[in-house]
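Chain by chain, the residues run as shown.
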Amino acid sequence: MAGARAAILDAVKSALSIEEIEVLPPGPGEVQVKYVASGVCHSDLHAITGDMLHPLPVILGHEGGGIVEAVGSGVTTCQVGDHVLTSYIPSCGTCSYCTIGRPNLCALRDRPRHLMLDGTSRFRRRDGSFVNHFLQVSSFATRAVLLQEGVIPIRKDAPLDVVCLVSCGVTAGMGAVLNRAKVKPGSTVVVFGCGGVGLNVIQAAELAGAGRVIAVDRLPYKLGLAEEFGATHLIDASKEDPVKRVHEITGGVGADYAFEAIGAPRVIETMLECLHRGGEAYIIGVSPHGARISIDPSLLVQERVLSGSSFGGSRQRVDLPMIVDLFMQGKVKLRELVSRRLGLDDVNRAFELLNRGEVARSVLVYT
Ligand code: CU
């Protein structure tokens, strides 16, 4: 049995507490990972605020990078010493979704995600009580046990304290553009929300050869980042009407594609109004539990498409290592996404910064 330091959420809207815990050894098909770093994502924040309902106590974190240090029986996807990213959506490789090439929708998502597949936890507190996993990743800990289906080996020369961001935000943003929308060269793309996900929509749109990339946010700092990541037009939604501006920029036509990385119902509705007939809008952001949208059906009758993107429609075992390769080749910006580097003890500070919109991403680095 191994020890670990972990950030534990005991109650919604409370600070995480840093504790020494025990990590039980990996069972059949499970992998023990020593985490090197983890990004801090809005979905973690949603669990803290209660916008996402989750069994407590829990060790959050789902954007991890680390090194495999033990494997249970029957593990075939990785071996001890492998550098790995986490996939908060596991892929079994054999269900109907995985078989038709949509492993991001894998049937394992229907199983409880706060426990291992045998229905138990591998995290034990000093008082003997158990702590829940988060999406079977729990990267706000120096060590965790994961399903082998959620462990993705990558090249060893990639810096884990940077490429850990590929485990959620980068892939969510880039994949929405490349896998879901399949943005065409020369097209006009609008992006709502220019944080750790939206910036990756922008850089993927540029990679795909988009002619115009219009970035929308309310914070000047985020719009500055958007420009750095390749946006050709910036709209400050606190001062300008995005629908009106998008139509001005496109000569009255409207955009080909719109993406939103916020999860706000009003923004989703606004997205559709920015499109020309036949245009496509994709929801990436996670809406608060119970949220609803209200749209004019005639917008859809005119063949506008409203859909979403789950982990960027990615084929995790192919796309995560591929994005790491693109970064190592200098074709994808990742270092520029890391606004702050903090220790595990600073996790609550990282959430304050995220809440105030002062970072693209904070990365917790465990030494
Ligand atoms: Cu995330």
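Let me sum up the structure you'll find in this document. (Residues numbered from 1 in each chain as written. Predicted model: local features only at pLDDT ≥ 70, side-chain atom pairs only at ≥ 80, totals over all residues. Heavy atoms only, no water.)

1. A few points about the packing of aromatic side chains
Inference 1: For the structure on display, the rule yields three aromatic pairs.
Inference 2: For the ring pair Phe259 and Tyr282, a centre distance of 5.6 Å and an interplane angle of 20° mean the geometry is stacked. With Phe259 in strand β14 (residues 255–260) and Tyr282 in strand β15 (residues 275–283), this residue pair connects regions lying 23 residues apart in the sequence. Residue Phe259 shares its accessibility class with Tyr282, and that shared class is buried. (Phe/Tyr/Trp six-rings, centres within 6.5 Å; stacked < 30°, edge-to-face > 60°. Helix = DSSP H or I, 4+ residues; strand = E, 2+ residues; numbered from the N terminus. Buried < 20%, exposed > 50% of the residue type's maximum accessible area, 1.4 Å probe, protein only.)

2. A word on unusual backbone geometry
Inference 1: Between Leu56 and Pro57 the backbone carries a cis peptide bond, its omega angle lying at -5°.
Inference 2: For Pro57, the position within the fold is in the loop between α1 (42–49) and β4 (58–59).
Inference 3: Of note, the phi angle at Lys182 is positive, near 50°, even though the residue is not glycine.
Inference 4: Mapped onto the elements, Lys182 comes out in the loop between α4 (169–181) and β11 (188–192).
Inference 5: Taking the relative accessible area as the measure of exposure, Lys182 reaches 53% and is therefore exposed.
Inference 6: In this structure, Phe311 is a non-glycine residue whose phi angle is positive, near 50°.
Inference 7: By the secondary structure assignment, Phe311 is in the loop between β16 (305–308) and α10 (316–328).

3. Side note on the side chain of Ser43
Inference 1: Positionally, Ser43 belongs in helix α1.
Inference 2: Classification of Ser43 as buried rests on a relative accessible area of 12%.
Inference 3: In this structure, Ser43 is in contact with Met52, His62, Phe134 and Val286, ignoring residues within four places of it in sequence. (Contact = heavy atoms within 4.5 Å.)

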